[in-house]
Amino acid sequence: MTTALRDLGLSTGKKARLHRILYQHGSRNGTALFLPYDQGLEHGPRDFFANPSAGSPSYILRLAVEGGFNGIAVQIGLAEKFYWEYAGEVPLILKLNGKTDIPSDEAALSPLNAQVEEAVRLGADAVGYTLYVGTPAQDRDLEQYLSVRRAAQRLGMPLIVWAYPRGAAIEAKGGKDSFYAVDYAARVASELGADIVKVNFPHPEKRDGVKKPYEGTFTSQEAIDGVVRSANRTLVLISGGEKAGDEAMLDKARQSMQAGATGLIFGRNIWQREHGESLKFAARLREVLDEHPR
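Residues numbered from 1 in each chain as written. Predicted model: local features only at pLDDT ≥ 70, side-chain atom pairs only at ≥ 80, totals over all residues. Heavy atoms only, no water.

Side note on the overall build of the protein
Across its full length, the protein holds 13 helices and 8 strands. Taken over C-alpha atoms, the radius of gyration comes to 18 Å for the protein, in line with the 19 Å a tight globule of 294 residues would show. With the C-alpha coordinates of the protein rotated into their principal frame, the extents come out at 50 × 45 × 40 Å. In the protein, buried positions account for 55% of the 294 residues. Sequence-distant contacts, at least 24 apart, represent 72% of the contacts inside the protein between residues at least 6 apart. Of the accessible surface of the protein, which amounts to about 12,400 Å², a share of 50% is contributed by carbon and sulfur atoms. (Helix = DSSP H or I, 4+ residues; strand = E, 2+ residues; numbered from the N terminus. Rg over C-alpha atoms; globule rule 2.2 N^0.38 Å. Buried < 20%, exposed > 50% of the residue type's maximum accessible area, 1.4 Å probe, protein only. Contact = heavy atoms within 4.5 Å. Areas by Shrake-Rupley, 256 points an atom, 1.4 Å probe, with all protein chains shown as cover.)

A word on the sheet that holds strand β7 (residues 235-239)
Spatially, 8 strands are ordered β1-β2-β3-β4-β5-β6-β7-β8 in a closed barrel, and the strand pairing comes out parallel. Geometrically, the sheet is characterised by an average inter-axis angle of 25° between neighbouring strands, direction not taken into account. In this sheet, strand β4 (residues 126-133) lies alongside strand β3 (residues 92-95) in parallel orientation, the contact comprising 3 bridges. Each bridged residue has a counterpart across the sheet, and for L94 the counterpart in β4 is V127. Sheet contacts for helix α9 (residues 179-191): β4, β5 (159-165) and β6 (196-199); angle to β5, the most-contacted strand, approximately 150°. Across the sheet, helix α13 (residues 275-290) touches β1 (32-36) and β8 (263-265), and the angle it forms with β1 is around 145°. (Pairing = 2+ DSSP bridges. Axes fitted to C-alpha atoms, helices over the stretch in contact; angles between N-to-C directions.)

Points about the nonpolar core
The biggest cluster of nonpolar side chains holds 73 residues, and the ones touching the most others in it are L94, V199, I270 and L285. Counting residues per element, this core draws most heavily on α9, at 7 residues. Excluding residues that lie within four positions of it along the chain, L285 makes contacts with L33, L250, A253, L264, F266 and I270. Of all hydrophobic cores here, the second largest spans 21 residues; its members include L5, A108, W162 and Y164. (Core = buried A, V, L, I, M, F, W, Y, C linked by side-chain atoms within 4.5 Å.)

Here we look at the packing of helix α4 (residues 57-66) against α13
At a minimum axis separation of 10 Å, α4 and α13 run at an interaxial angle of 40°. In this view, α4 runs oblique relative to α13, as classed from their interaxial angle. Relative to α13, α4 is oriented so that their crossing is right-handed. For the pair α4 and α13, contact is made by Y59, L63 and E66 and by H275, S278 and L279, respectively. Classifying every residue of the contact of α4 with α13 by side-chain character gives 3 nonpolar, 2 polar and 1 charged. (Parallel < 35°, antiparallel > 145°, perpendicular 65-115°, else oblique. Left-handed = near helix turned anticlockwise from the far one by under 90°. Nonpolar A, V, L, I, M, F, W, Y, C, P; charged D, E, K, R; others polar.)

Overview of α13
With 16 residues, α13 ought to run about 22 Å at 1.5 Å a step, and its terminal C-alpha atoms sit 23 Å apart, in line with that. Buried positions along α13 lie against β1, α4, α11 (246-259), β8 and α12 (268-271). Of the residues flanking the start of α13, the one acting as N-cap is E274, its side-chain oxygen 3.0 Å from the backbone nitrogen of G276. (Expected span 1.5 Å × (residues − 1). Polar contact = N/O pair within 3.5 Å; in protein donor to acceptor, adjacent residues only side chain to side chain.)

Re unusual backbone geometry
Positive phi, normally seen in glycine, also occurs at R28, with a value near 60°. Of note, R28 is situated in the loop between α2 (12-23) and β1. The class for R28 is exposed, based on a relative accessible area of 52%. Phi is positive for N232, which is not a glycine, with a value near 40°.

Here we look at the environment of F281
By the element assignment, F281 lies in helix α13. Here F281 falls in the buried class, since its relative accessible area comes to 1%. With 243 residues separating them in the primary sequence, F281 and D38 have C-alpha atoms 20 Å apart. With near-sequence residues (within four places) excluded, F281 lies in contact with D246, M249, L250, F266, N269, I270 and R273.

Let's talk about the pairing of β3
Side chains L92 and L94 of β3 all project onto a buried face; the interleaved residues I93 and K95 project onto the opposite face, where all are buried too. Bridge analysis of strand β2 (residues 71-74) against β3 gives 3 bridges, and the strand direction is parallel. In the strand pairing of β3, I72 is matched with L92. Each parallel crossover has a hand, and for β2 linked through helix α5 (residues 76-82) to β3 it is right-handed. In this fold, the crossover linking β3 to β4 by way of helix α6 (residues 116-121) has right-handed handedness. (Right-handed = clockwise from strand over helix to strand, strands pointing away.)

Considerations on the packing of helix α10 (residues 220-231) against α11
With their axes 9 Å apart at the nearest point, α10 and α11 run at an angle of 45° to one another. Looking at the two axes, α10 sits oblique to α11. Relative to α11, the crossing made by α10 is right-handed. Taking contact as the criterion, the partners of S220, Q221, I224, D225 and V228 in α10 are, on α11, Q255, S256, Q258 and A259. Tallied by class, residues from the contact of α10 with α11 come to 3 nonpolar, 5 polar and 1 charged.

Here it is, written out as structure tokens:
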């Protein structure tokens, strides 16, 4: 077992599954490139307009296999109906909760749609949970999260937390991707027992209303360094977010890996383009990861 995993205080089951993800798939060097595909629930079909083929789960699963991804994150329905065809070829991250974006995010709460036991049945190597840091509904969110964390620990299933700042209070303090908000989210996930945390890349220039220590001037590298440091022994994945220019995304990837992140979780920036171009861009991202073996 690698030193990195030994140092995380993981149970046998969690170690085995994370080792499979990090060292038997992708670049096999302790880094990770994940393909998230829960946007159909979270955003609706509009995300597939740029590349209609991406509306097919079979297309995305095939892309994950051909692109050498370390895992694919999907909701329960798609996992049950489509993953069986590719089981064992690419690790499954079963997303346990999710919501539509039709209601306002002012009191965001992502309800449970699946259980850790179902992830075990489906052969998953990890589960994902969206935690809305700062939402007025945090009491219900944290109670729901507690049940997931306990089940994941009992069943030896790695827990990836999508740590997303949300709510009116967050918007009044720099916004959901400010350095303050992202840094806080990374620390919350670590404090609450996440094995891996997924966060957005921080924007230190967004300082309106933030807490005093974050009012200073930080470079983007200093900000992502701080976020990874706040996560301490929780592994960090950086989200791609909305589709942007390739060079901007590659720069984000380089800074994230330089900061000590474990890897990247890019969805729309991968599959909102033609198949061949998707594979080319994934290969460019892997080149960045290969410069930072863990």
